[in-house]
Every structure is written in structure tokens, then in C-alpha cells.
Amino acid sequence: MEPPERRCLALVDVNNCYVSCERLMRPDLERTPMVILSNNDGVCVSRSAEVKALGSVPMGTPWHKMKNLARQHGILAMSSNYELYGDMSRRFHGLLATWVPPHCQEIYSIDESFLDFGGQRIDRTATGHAIKRQVQQWLGLPVCVGFGGSTKTLAKFANHVAKKRPEWQGVCDLTALSAEERLALLDQFEAKDVWGIGRRLSEQLKEHGIHTAGDLARCDPKRARERWGVVMERTINELNGVSCIAWEDEPPTKQQIISSRSFGGPVYTVDELADPVRMHVGRAAEKLRAQGSVAGRLGVFITTNAFRPQDPQYSPIRTIRLAVPTDDTATLTVWAVQILKSIFRPYRFVKAGVMLDDLRPKSVMQGSLFDALPSEQDMKREKLMGVMDKANGKWGRGSLGIGSAGVKGERDWSMQRGMLSPRYTTRWNELREIS
DNA sequence: TCTGGGGTCCTAGGACCC
DNA sequence: TCTGGGGTCCTAGGACCC
């Protein structure tokens, strides 16, 4: 085995991604305090700098709880427009790909990529600014760049510094610092600012006198493992430049596929629940086929509203093992409806979902001895699935489905998106007009 | 009245087998 | 009366991330 090449990892991400995407199409909103809401206009998932500056609207704030504040400060709320964000995301990651050799980009999320500049002789700070400038000029999106050196956790931290400290002007190169300087910088941030340290862990760390990211970096990883487990050990090592989190330039095939969504309004009957369950089976199976897998297990869940403690609560989930793993929407739909009927009781439901588990590559699927060869019916279904996936890709999700799964139109369970912007970049008839 | 959706990894405990 | 121990598989739940 050859020793791994030395890495120099950077993390590039879009500032206030969804808000920035909306402003692209509405430059007049550049200084308007605004938030983007989740599905069903439920909670706040992206905030503009003006809203963050208020300090009273944390990520995930329910929209109905901030309406007064919004009126008071003139905060504009918009429904999320994932077609727009997905399209801008593709352009963003595509542009970043041109900065590094093949296999040196890892797309980490809709608005973040790790780039590996190891082996390239570059002026990092200058390169960071050049990337920032180019993404701004070509796509109109503001980004920050953090160079962390050998580990992803340090790249994440560098990016965090670039975002939070204006004096770095959006680009932070930790590799230019000595070990002491780096620790001093880590000491200026809380442990919970470190990637992988959430609310619970940071509380526990505080009880042990570990307050800053620097405190955490100075912990003994072995002892931390005894107390908190292997994840904490890795985080501490990564903060000290010891790489423990693998590089994954190819998206790994998913081990689980979930499709679920809250309803626009409450649903009471099994017939009403069957519609969204069929739709979720369709969506999940489509994702399954897209990655060339079959599922060995299928689960269905329905939930009542946990935010109404005065209501009787009932949120069952049932999973079954499929005798023959499959990617066939019709087969999965039949089973899913069976499961739904078996768990249904009369309650006030607000959400339903479907889960595909125990995924494996279709190519190596082992049928039972006697159906090793696909039957004529199997072949017909394959063809039908292909036609369905193409149609849904072309005309939009839900154009074609099983039973009434895909019927568009307003139902109690359909999503609320009262403040949706047009699909400027992916629909000709919704293009932005310039007058 | 109104509180997102989709993932990952790890751990603990029970069932079962030899 | 004594009542093993290792391995595997499965499930549930906790914690984190965007």
C-alpha cells in the first residue's frame, strides 16, 4: 500500500443559501430581512443576515410563532422552492469542480463542497478569494472558504471562522497558523461550534469543564472515548490534524430511503391515509431504482401531532421483510397499504411516511431457486417502471403513479406553500422577466 | 390554527446458535 | 445445585448533520 497523499482540504459553502438563491431572482430584496420556510411553511430553515442580527430567530423557529416579530421588523417569509435551490446547487458544485483534479471534490450537502488542494502548489488565501469572486460573478452567490489542512473537521472550523469573523473577509486559511496560534483561535469559539458537537454533547462537555473548541482539542482522545465513545475520539483527533473521517468523492449508495411529509391539514380515515402512503411508495421506489438497488424491508409510519399534548397520541411504525427484495412500485404499494391497514386506528393524523431498508444492489440480487429467471410479468413491470420514472422526470413528480398516488390537486394532505416563488430557472413559463 | 424532511453512525440489549 | 462465553443478527433509541 502506498502512503496516502498529503491532503489540503478546503470547505466552500454558500452563505444563507436559500435566501441567497431567492435574492438572485429578486435583487430588490438584497437588504430586506427575510426567511425561507420549510415544507408546509412550518419552520424557518434559512435566514438573511438582517434576521440573524436580530438574535431572536434561531434556525427552526416555527413560522406561526414569529409572525408578530415579522410584522414588527418587516421580515419577509417565503416558501421553500427546492427546484430553484437544486438547480443553483448543481451549478455551484459544477463550478467548484473546475478548481481541483478529478476525485478531489466531495459534495457534502446542497450548499457545501470539500475540495482537496493537496499536491497543488497554490497561494491558499489568494485561491480562496478567487473562488469566492468567481462564484459571486458567475452565479451571484456569496460563499465563504475555509482551508483546514489535513482534516475535514478543521476545514469545517476554518469555514466557520471565515463566516463569523469579518476580519477574515470570507476566507480563512488555518494552515498558515502555527499549532499554538491555531489553538488560540480555537479558544475563541465554543465547543459546540465544532462539527459533530451538538447541543447534548456540548452540555455534557461543559460539566467536565470543557467549554471552548480549544479545551476540546486539548482533551486526551483515549479518555474521551471511554466517556463519550468513538465519535468524540475522532473529533478530538481531527481537531489536532489527525484525519479520521474518510474522503468520499463518490456519493455512497444509500442504506435507507425515506419518503415522508406532514399533511396540509389533519387526516382521520384509512382511505385518506392510503393516498399519501401510495405517493410516498412511488417516490421512494423511484429513488431506489435511480441508485440501482432493491429493498429487502419496507416500513410504513403514521403520526399524530406530538405538539398537542391534549390530544391522544398514536404514532405506530411497522416494518416487514420482503420475501423477495424488489424495486417494483406496484408490489411495494400492495404491501404498504396492507401495513397501513394493520396499524391504523382512528386518530387525528398529521403525517405519514414510507421507509425502504436493507438495500442491496439489484445486479447481485439472489432470488429463490425457482424464480432465478425473471418471468414475463417481471419484464413487463420493469418496462413500466422505466416509463414511469421518465415521465415523472419530464413532467414533474406525481405525473404518473399507481392508483391515485400521483393525482395532483388539493387534498387535505397536500402541502401548503402559500408563499412560493416561481421556478425561475427550470420552467420556461416561469422565467424571470426583465422590464 | 399553525412546529420540515432526509439521512448517518453508534450503542445497548435480546434472541439464538454452537 | 451449579447456570459459560463468543459470535451474529436484529431492533430500538440516541446523537449528530444539513
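Residues numbered from 1 in each chain as written. Chains lettered and ligands numbered in written order. Predicted model: local features only at pLDDT ≥ 70, side-chain atom pairs only at ≥ 80, totals over all residues. Heavy atoms only, no water.

A. Region of the structure containing the protein's contact with DNA strand B. With respect to spatial proximity, 26 residues lie near DNA strand B, and among them Arg234, Ile258, Ser260, Ser262 and Arg283 are the closest. The contact atoms of DNA strand B, taken as those within 4 Å of the protein, divide so that sugar and phosphate hold 75%. With respect to DNA strand B, the backbone of glutamine 255 contributes an N or O atom lying 3.1 Å from a phosphate oxygen. Interatomic distance of 2.6 Å between a backbone N/O atom of isoleucine 258 and a phosphate oxygen of DNA strand B. (Near = heavy atom within 4 Å. Polar contact = N/O pair within 3.5 Å; in protein donor to acceptor, adjacent residues only side chain to side chain.)

B. Quick look at the protein's contact with DNA strand C. Around DNA strand C, the structure places 14 residues, and the nearest of them are Ser109, Lys156, Gly196, Leu201 and Arg297. Close to the protein, within 4 Å, the atoms of DNA strand C are drawn from sugar and phosphate at a rate of 100%. In this structure, a sugar or linking oxygen belonging to DNA strand C sits 2.8 Å away from a side-chain N or O atom of serine 109. Between DNA strand C and the protein, one listed contact pairs a sugar or linking oxygen with a side-chain N or O atom of aspartate 111 at 3.5 Å. Going through the elements one at a time, β5 (105-109) and α8 (199-207) are the ones with two or more residues in the surface near DNA strand C. Partitioning the surface near DNA strand C into residue classes produces five nonpolar, three polar and six charged. (Helix = DSSP H or I, 4+ residues; strand = E, 2+ residues; numbered from the N terminus. Nonpolar A, V, L, I, M, F, W, Y, C, P; charged D, E, K, R; others polar.)

C. Spotlight on the domain arrangement of chain A. According to the domain assignment, chain A consists of domain 1 (17-84), domain 2 (89-239) and domain 3 (257-365 + 376-395). Measuring from the centre of the C-alpha atoms in domain 2 to the corresponding centre in domain 3 gives 37 Å. (Domains from an automatic or database assignment.)

D. A look at the sheet that holds strand β2 (residues 34-37). Here we have three strands laid out as an open sheet, ordered β3-β2-β4, and mixed in their pairing. Looking at which strands have only one partner, the edges of the open sheet turn out to be β3 (44-47) and β4 (76-79). Between one strand axis and the next, the sheet turns through 30 degrees on average, direction left out of account. Here four bridges tie β2 to β4, and the two strands are oriented parallel to one another. From the neighbouring strand, isoleucine 36 faces β4, where its bridge partner is methionine 78. On top of the sheet, helix α1 (residues 17-25) reaches β2, β3 and β4; it is set at about 110 degrees to β2, its chief contact. (Pairing = 2+ DSSP bridges. Axes fitted to C-alpha atoms, helices over the stretch in contact; angles between N-to-C directions. Contact = heavy atoms within 4.5 Å.)

E. Molecular detail of the nonpolar core. Within the largest apolar cluster, 31 residues are counted, with the highest numbers of intra-cluster contacts made by Val12, Phe92, Phe117, Ile131 and Val135. Elements represented by at least two residues in this core include exactly β1 (9-14), α1, β2, α4 (82-97), α5 (124-139) and β7 (143-149). Ranked by the residues each element gives to this core, the list is headed by α4, at six residues. Apart from the residues lying within four places of it in its own chain, the contact partners of phenylalanine 92 are Val12, Asp13, Val14, Asp111, Glu112, Val135, Leu139 and Val143. (Core = buried A, V, L, I, M, F, W, Y, C linked by side-chain atoms within 4.5 Å. Buried < 20%, exposed > 50% of the residue type's maximum accessible area, 1.4 Å probe, protein only.)

F. Representation of unusual backbone geometry. Of note in this structure, asparagine 16 is not a glycine but carries a positive phi near 45 degrees. Mapping asparagine 16 onto the fold places it in the loop between β1 and α1.

G. Up close: the packing of helix α12 (residues 270-290) against helix α13 (residues 329-343). Two elements in contact, α12 and α13, have axes whose closest approach is 9 Å; the angle formed by their N-to-C orientations is 145 degrees. In this structure, the crossing between α12 and α13 has a hand that is right-handed. Each of Val270, Leu273, Ala274, Val277, Arg278, Val281, Gly282, Ala285 and Arg289 in α12 lies in contact with α13, whose residues at this interface are Thr329, Leu332, Thr333, Ala336, Val337, Leu340 and Lys341. Looking at the contact of α12 with α13 residue by residue, the class counts come to 10 nonpolar, three polar and three charged. (Left-handed = near helix turned anticlockwise from the far one by under 90°.)

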